[in-house]
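Summary of structural features
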Amino acid sequence: MFVVKKKMLSYIVILGLTVILIGNSTIAAKGKADVVKMVELLQQDNSVNIGNWSVYAREINEEITNKQEFEREVVALKQQYPQFNWYREDGASALKAEAFFYHVDSGLTESIKLMTTGDESDKVTYVIYEVKGQEWREGYPAYFTSTYQNRVDDIFRGTPSIFSCITGSINDNMDSILNSKTESLLDKFEAREIESVHETNFTSISAHSTLFKQPLTKEKLNLQFGLRTEGLGDRTNFVVGTPIITFEY
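Presented here is an overview of the structure given in this document. (Residues numbered from 1 in each chain as written. Predicted model: local features only at pLDDT ≥ 70, side-chain atom pairs only at ≥ 80, totals over all residues. Heavy atoms only, no water.)

Observations regarding the overall build of the protein chain
Rules: Only DSSP runs of H or I reaching four residues or more are called helices, and only runs of E reaching two or more are called strands; each is numbered from the N terminus. Whether two residues are in contact is decided by their heavy atoms: any pair within 4.5 Å suffices.
Across its full length, the protein chain carries six helices and 10 strands. At a minimum sequence separation of 6, the contacts of the protein chain that also span at least 24 residues come to 63%.

Digging into helix α2 (residues 34–42)
As a reminder of what qualifies: Type-normalised accessible area, obtained with a 1.4 Å probe on protein chains alone, sets the label of each residue: buried when under 20%, exposed when over 50%, and partly exposed for intermediate values.
Counting buried positions along α2 gives seven out of nine residues, so the element sits mostly inside the fold. Among the residues of α2, those classed as buried are D34, V35, V36, M38, V39, L41 and L42.

Structural notes on the packing of aromatic side chains
Rules: Between the rings of Phe, Tyr and Trp (Trp by its six-membered ring), a pair exists once the centres lie within 6.5 Å; its type follows the angle of the planes, with under 30 degrees stacked, over 60 edge-to-face, and the other angles tilted.
Summed over all chains, the structure comprises 13 aromatic pairs. Centre to centre, the rings of W136 and Y140 are 5.2 Å apart; their planes meet at 85 degrees, and the pair counts as edge-to-face. With a relative accessible area of 15%, W136 lands in the buried category. Note on Y140: relative accessible area 3%, which makes it buried. Linked through ring pairs, W53, Y129, W136, Y140, Y143, F144 and Y148 together constitute an aromatic cluster.

Comments concerning empty space enclosed by the protein
Which entries qualify depends on this criterion: Cavity means a closed set of points on a 1 Å grid over the protein atoms alone, one where a 1.4 Å probe fits but cannot get out, pocket means an open set with protein on both sides within 12 Å along at least 5 of 7 lines, and lining means a residue has an atom within 4 Å of a point. Grid points are joined across faces, edges and corners, and a volume is the space filled by probe spheres set on the points. Charged residues are taken to be Asp, Glu, Lys and Arg, nonpolar residues to be Ala, Val, Leu, Ile, Met, Phe, Trp, Tyr, Cys and Pro, and polar residues to be all remaining types, Gly included.
Enumeration according to the criterion identifies one cavity of 30 Å³ or more in this entry. Of the voids in this model, the largest cavity is the one considered here, and its volume is about 60 Å³. Forming the boundary of the largest cavity are L42, D45, V48, I170, K181, S184, L185, K188 and F238. With four residues, helix α6 (residues 177–188) is the largest single contributor of residues to the lining of the largest cavity. For the lining of the largest cavity, the per-class residue count stands at five nonpolar, one polar and three charged.

A few points about the nonpolar core
Keep this limit in mind: Take the buried residues of types Ala, Val, Leu, Ile, Met, Phe, Trp, Tyr and Cys, join any two whose side-chain atoms come within 4.5 Å, and each joined set is a nonpolar core.
W53, I112, F144, Y148, I166 and F189 are the most contacted members of the largest nonpolar core, which has 52 residues in total. The greatest single-element share of this core, amounting to six residues, is contributed by α2. Core analysis: the second largest hydrophobic core is formed by five residues, I128, F163, L221 and I244 among them.

Below, the structure written as structure tokens:
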């Protein structure tokens, strides 16, 4: 994970939060998970090392409109996932239940969150499921075709929005690393650049890729990536996400 200049961090975080708040503007597709597609493409380059990654699914549950319905949903999920550790954090106008489970054998961390906000006449409940890891292992693609898909089918009422994000590093000391890797990533992801920010040691690209089926805007933005290097001879760090980057980096 790496640090970018404040203005770029603000741009990415604000865009991410906007998407999270405006509703189900993206959709999940059956088949190979987007995070698996991204890893497979990145690993075609031997100089790329995969670091932290996350897949985040979110849905507004319109059936939960009061505290009693919220409690019933929490009880049902606790019974369904007794291996998770559950926590509550209720406020004056918000209800929140979180559950976590760490897989010792695979290194995966799963979490389930229910959050209700708003007043009694206009409550909104978000249901969130996330799985993440600190590296990528050989058995993860199989996890996404079985366990992960079963979780999504069980936890959500409809089709949730899916956000996939990966960080890592590139072991390349070329002085033209940003330009060369930017072009390489656009090519690998069959992507067309929509907008970008270029600085001496930092590049951020928003693009449309034909590989992903969940467009974010009318411009069909569904891919973002950023590259940062400290200079010649130093490692270059990257982050890539579909449809947007959700990590604060």
